[in-house]
Amino acid sequence: MHFDQKENRPVESEAARDGSIPQIARSLPDDTWHAALGRLYDVALDPLHYETLIDVWEDAVGPMRKRADAFNTTLLNDPEIAEHFRRAGEVLDRVMPENIEEEITRILRPFGRVPAFAIDGRMRIRAVNTVARVQLGAVDGGILTDLPILGTEIASIRNAVAGLAAEQDHTAAIMRVRTGEDGRFLILRLQRFLMADQSPIVVVAANDLKFPAQGQAVLRDAFALTQAEAEVLHALVDCGSLTEIATKRGRSLDTIRSQIKTIMSKTETRSQVELVRLALSVVEISQVSPPDAATESKGRSVKKLTSFASKTLTTPEGRRIDYFVLGDPMGRPILYSHMALAMPRWPASAEAFARRRGLRIIVPIYPGYGHTTPAPRKSDYDAVLLSDARRVLLAENVTRCPYVGVAGGAYFAFRFAHENPELISGILCGGGMLPDLDHTTYDGMGKWHRFIVGGAKYTPHLLSFMVKTGFALTRRIGKIGFLNAIYSGSEADKETYSDPDVLEALLIGSEVGLSEGISAHDSYVRSMIGGMLRDWSALIAPVTARIPVIFFNGLQDPQVPPAAIEQMLRNHPQIDFRVYPDAGQLILFRHWQDALEVLNDLTRA
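If you're wondering where the values come from, they're calculated on a predicted model, not measured in any experiment.

We now examine the nonpolar core. By size, the foremost hydrophobic cluster in this structure holds 133 residues, and its most contacted members are W346, Y369, F414, I427 and L596. The element contributing the most residues to this core is helix α19 (residues 463-486), with eleven residues. If sequence neighbours within four positions are ignored, F414 has contacts with I427, L434, W536, L539, I540, V543, T544, V549, F551 and I575. Counting residues in hydrophobic clusters, the runner-up holds 24 residues, among them V128, A132, I157 and V204.

Further remarks concern the sheet that holds strand β12 (residues 401-406). Spatial strand order, β8-β9-β11-β10-β12-β13-β16-β17: eight strands in an open sheet with mixed pairing. Unpaired on one side and paired on the other, β8 (311-314) and β17 (576-580) mark the two borders of the sheet. Strand-to-strand twist across the sheet, computed as the mean angle between neighbouring axes with direction ignored, equals 25 degrees. The sheet contact formed by strand β10 (residues 332-336) and β12 spans two bridges and is parallel. Among the inter-strand pairings, Y336 is bridged to a residue of β12, identified as V404.

Counting across every chain of the model gives 28 salt bridges. The salt bridge partner of R86 is E83, with a shortest N-O separation of 2.5 Å. Within this pair, R86 and its partner E83 are both found in helix α4 (residues 79-95), separated by three residues, close to a single helical turn. The exposure class of R86 is partly exposed, given its relative accessible area of 42%. Taken together, the salt bridges that share partners define one network made up of E83, R86, R87 and E90.

Take the packing of aromatic side chains next. Per the stated rule, a full pass over the model turns up 19 aromatic pairs. Arranged with centres 5.8 Å apart and planes meeting at 55 degrees, the rings of Y411 and W536 form a pair that is tilted. Highlighted residues: Y411 in helix α16 (residues 410-419) and W536 in the loop between α22 (521-528) and α23 (540-546), separated in sequence by 125 residues. Of the two residues, Y411 and W536, neither departs from the other in class, the shared state being buried. The rings of Y366, Y369, Y411, F412, F414 and W536 are connected pair by pair, giving a single aromatic cluster.

Once that is clear, we can look at α22. Counting buried positions over the eight residues of α22 gives seven, a clear majority of the element. For α22, the complete set of buried residues consists of H521, S523, Y524, V525, R526, S527 and M528.

Let us now look at the pairing of strand β11 (residues 359-364). Taken residue by residue, a regular strand's side chains alternate between the two faces of the sheet. Counting buried positions along β11 yields six of six residues, so the element is predominantly enclosed. Relative to β11, strand β9 (residues 320-327) is paired through five bridges, and the arrangement is antiparallel. Looking across to β11, one finds that L326 is bridged to I361. Bridge count between β10 and β11: four bridges; the pairing is parallel. Note on β11: the bridge partner recorded for P333 is R360. Read as a crossover between parallel neighbours, the route from β10 over helix α14 (residues 348-356) to β11 is right-handed.

Looking at where Q567 falls in the secondary structure, it is placed in helix α24 (residues 562-571). Overall, the relative accessible area of 14% leaves Q567 in the buried class. Ignoring anything within four residues of it in the chain, the contact list for Q567 reads D436, L437 and D438.

With that settled, consider the environment of L359. By the element assignment, L359 lies in strand β11. Judged by its relative accessible area of 0%, L359 is buried. Residues L359 and P333, 26 residues apart in the sequence, show an inter-C-alpha distance of 6.1 Å. Those residues in contact with L359, other than ones at most four positions away along the chain, are L326, G327, D328, R332, I334, A354, L596, N600 and T603.

The rules behind these values
- Residues numbered from 1 in each chain as written.
- Predicted model: local features only at pLDDT ≥ 70, side-chain atom pairs only at ≥ 80, totals over all residues.
- Heavy atoms only, no water.
- Core = buried A, V, L, I, M, F, W, Y, C linked by side-chain atoms within 4.5 Å.
- Buried < 20%, exposed > 50% of the residue type's maximum accessible area, 1.4 Å probe, protein only.
- Helix = DSSP H or I, 4+ residues; strand = E, 2+ residues; numbered from the N terminus.
- Contact = heavy atoms within 4.5 Å.
- Pairing = 2+ DSSP bridges.
- Axes fitted to C-alpha atoms, helices over the stretch in contact; angles between N-to-C directions.
- Salt bridge = Lys/Arg side-chain N within 4 Å of Asp/Glu carboxyl O.
- Phe/Tyr/Trp six-rings, centres within 6.5 Å; stacked < 30°, edge-to-face > 60°.
- Right-handed = clockwise from strand over helix to strand, strands pointing away.

By themselves, these are just geometric observations and shouldn't be taken as functional.
If you want it as structure tokens, here you go:
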């Protein structure tokens, strides 16, 4: 939009006049709005573009947010914009339905011991298992040339994948390829699967041809080989050429060929590739042994989370409520609200500490998370969530306990304490956020948190698409990849979940929000657009006058920046703020011992 210099009135561009730019967005430069709109559909087609949408969306909405009233403005509340988001949501549902991603994940699951990834007909890597991510550097949404395989070999893999995708009679193939880093060889096993929609997907599993020390003896005993034959087979598995084998062993090429012919006869194989595959399979089977504690904990924390089933209640209305009890099942009670990101488990060391201290951490699972029945569509989600928490406390015979909230969930803690004064003895909030914060709080947030939390605050009618696409992205890049993205600006948080105990708690706990058959994106949205980001400051004074309230805040929190912490300190001297320079949003998981010491005192209040 620009101004007519004679009449000093706005002149619409052709795009604005023909309706392609929504009316309320015409105050933005045309190229800014078109960029935002274009990214909207890009991310619907492929959630891997999510971060580019975040960047351009901030360019469009950031200036508007600075001029908006903190509590009484909904930005971009225009039916044309809502229609674009609705259409983009439909595109997302068609292009990447969640059940297809879950189906691919199930197909990959049996390949847990070896690097494996799934490729679609467009040669895009759709899913990657953990071993492939670590050993091959493969990533969801990547391409074949990203892999550490010699460039001249990539065309062969493409041809094999394309052939399997189109072939009806053959469903599997075996290839030997050379890596581009050290020139070693890999055996690739390719297998075609048909998805529920009849589209083909090809799983590529790689056998790393490093032979274990005991491999020769295993093969010698299994096939009655001589020691020399076992050594030749070992060399062949290591992918030396026959000439290289002959040179290293000081034998003629004809002697090596004769030995291999004898080995193939003893093993009843018909080709060198089949022989190598059999040898690898036999050696791999020989290494399988029943798991013990040492094996289970290898590469992980020695202390692991105790596995247990959730408890279940059924309300008179027929709703199911699940909840966990951590620590000492008979100990002094603590009510813990797991926040919208779904962190209902604590690190194993923290849960063990709570058990030793006689603390019982009760964790109601939010409506619509895990197997807890969603809140009825037209109900007040916040009221249902808090009603569920009260029912759980009554089922556990709790008469008084402290409430632990996380981030914006401080609202739930204050509201519950206000409505149930007889039940709550104190409040502890990790990364707590209070309502009387202006737009500068959002300006200082990390961009991922600003996109979602700011979206819930200023464009709640558009939040559903933002969140659903974020959940779809998490399925694509994995939960660790998503953690790396949203906490990219917080070294403290990244350091916190680099602790195996913490990472285990995050990954296991998040199953109630996103796992096979579960996606709590709708309930996440409902929890964010209720009272959490509205003006609930009237609850603060009566609650803090009656019970102690303690906030743990980290100076590296991507949702509550240092300026917001300073503002809360000035405005609420009655709250006990404990500020940690070395912590971020995951402060309760970093300083859980301090938190449990505080809660231990509050359980006695």
